[in-house]
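Here is how the chains run, residue by residue.
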Amino acid sequence: MKAPVAGTSIAYDVRGSGPPVLFLHAFPLTLRMWDAQARALEGTHQVVRFDARGFGGTPPGDGLLTMERIADDAVALLDHLGLSKAVVCGLSMGGYAAFALMRRHPERVKGLVFADTRTAPDSPEGKRSRSAQADTVRREGPPGIADAFLQKAVGETTRKERPEVVARIKEMILAASARGIVDALAGLAARADSGPTLREIKVPTLVVCGAEDALTPVADAEAIQRGIPGSRLELIPKAGHLSSLEDPAAFNAALAGFLAAVPR
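Let us look at the structure shown here. (Residues numbered from 1 in each chain as written. Predicted model: local features only at pLDDT ≥ 70, side-chain atom pairs only at ≥ 80, totals over all residues. Heavy atoms only, no water.)

## Notes on the pairing of strand β1 (residues 2–5)
Here comes step 1: Side chains of β1 alternate between two faces, with A3 and V5 buried and K2 and P4 left unburied.
Here comes step 2: For β1 and strand β2 (residues 8–15), the ladder comprises four bridges, and the chain directions are antiparallel. Directly across from P4, in β2, lies its bridge partner S9.
Here comes step 3: Between β1 and β2, which pair antiparallel and follow one another directly, the connecting turn spans two residues, one of which, A6, has a positive phi of 40 degrees. (Buried < 20%, exposed > 50% of the residue type's maximum accessible area, 1.4 Å probe, protein only. Helix = DSSP H or I, 4+ residues; strand = E, 2+ residues; numbered from the N terminus. Pairing = 2+ DSSP bridges.)

Right, here's the structure in full:
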């Protein structure tokens, strides 16, 4: 399905009925990363997912893909669907966008799930690394960064024991547009410090982290949980940065338990 949003056509999927849950995908993946969550929740919730600009079925935008742009597109999609509020679940880049959504549109957020993400902006070294990745993608396309990304993002246990998961993630990366990846890398490098946002969060919040996450390790998740009164932290054993894909059963159990406690 497609929704006309701010000069483009956003590819999205909606299924099920009940309280809405909006999923924001990781870099450089697509809404398909949430397939297992959609299947698990569609009997009890309205599951909304979309492809950020330049990924999946959504064409690239006209410049860097900021976290604020993703947040605004998410709210425009809620408007298109006639939804006033949703629980927002974001992983990695999706988590950064969820922080931006909370800052810009707090009245649209009924609850939050921050998975494998952090509040801190990129360091100077991190920004240089993203710039180098962008140069590689301009020269070689998505295959130029796929294997290096998988080595860092996927947990050791998954790489050793679940090759089919690694293959599925790689397929999503290779399907991304080079322009989308380059724009997202620029937006990730330019993202704001979300540390001050923590004290503004008053809605029910779950923090999830793969125990083997090397990109946004458990310490980052603990810092988010400490900064949001009443929030809960769930660790996913034997999963890395893409915990919802690496162990969907454990991730879904944590998510379902949290959603059951969010007031309707």
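On we go.
## A short note on the sheet that holds strand β8 (residues 232–236)
Adjacent strands of a sheet form backbone hydrogen bonds with each other and so pair up, either parallel or antiparallel.
Here comes step 1: Strand order in the open sheet formed by eight strands is β1-β2-β4-β3-β5-β6-β7-β8, and the pairing between neighbours is mixed. Whereas interior strands pair on both sides, the edge strands pair on one side only; in this sheet they are β1 and β8. Neighbour-to-neighbour, the strand axes of this sheet turn through a mean angle of 25 degrees, independent of strand direction.
Here comes step 2: One ladder, built from four bridges, connects strand β3 (residues 20–24) with strand β5 (residues 86–91); its direction is parallel. Its bridge partner lying in β5, L24 is registered against G90.
Here comes step 3: In the packing of helix α2 (residues 67–81) onto the sheet, contacts are made with β1, β2, β3, β4 (46–50) and β5, and the angle to β4 comes to roughly 135 degrees. (Axes fitted to C-alpha atoms, helices over the stretch in contact; angles between N-to-C directions. Contact = heavy atoms within 4.5 Å.)

## A few points about unusual backbone geometry
Here comes step 1: A cis amide bond links F27 with the next residue in sequence, P28, at an omega value of -10 degrees.
Here comes step 2: By the element assignment, P28 lies in the loop between β3 and α1 (35–41).
Here comes step 3: Even without glycine at this site, S92 takes up a positive phi of about 55 degrees.
Here comes step 4: With respect to the helices and strands, the residue S92 is situated in the loop between β5 and α3 (93–104).
Here comes step 5: For S92, a relative accessible area of 9% corresponds to the buried category.
Here comes step 6: Backbone geometry at D116 places phi at a positive 45 degrees, although glycine is not the residue there.
Here comes step 7: Following the sequence through the fold, D116 ends up in the loop between β6 (109–115) and α4 (124–140).
Here comes step 8: Among the residues examined, D116 registers a relative accessible area of 1% and is labelled buried.

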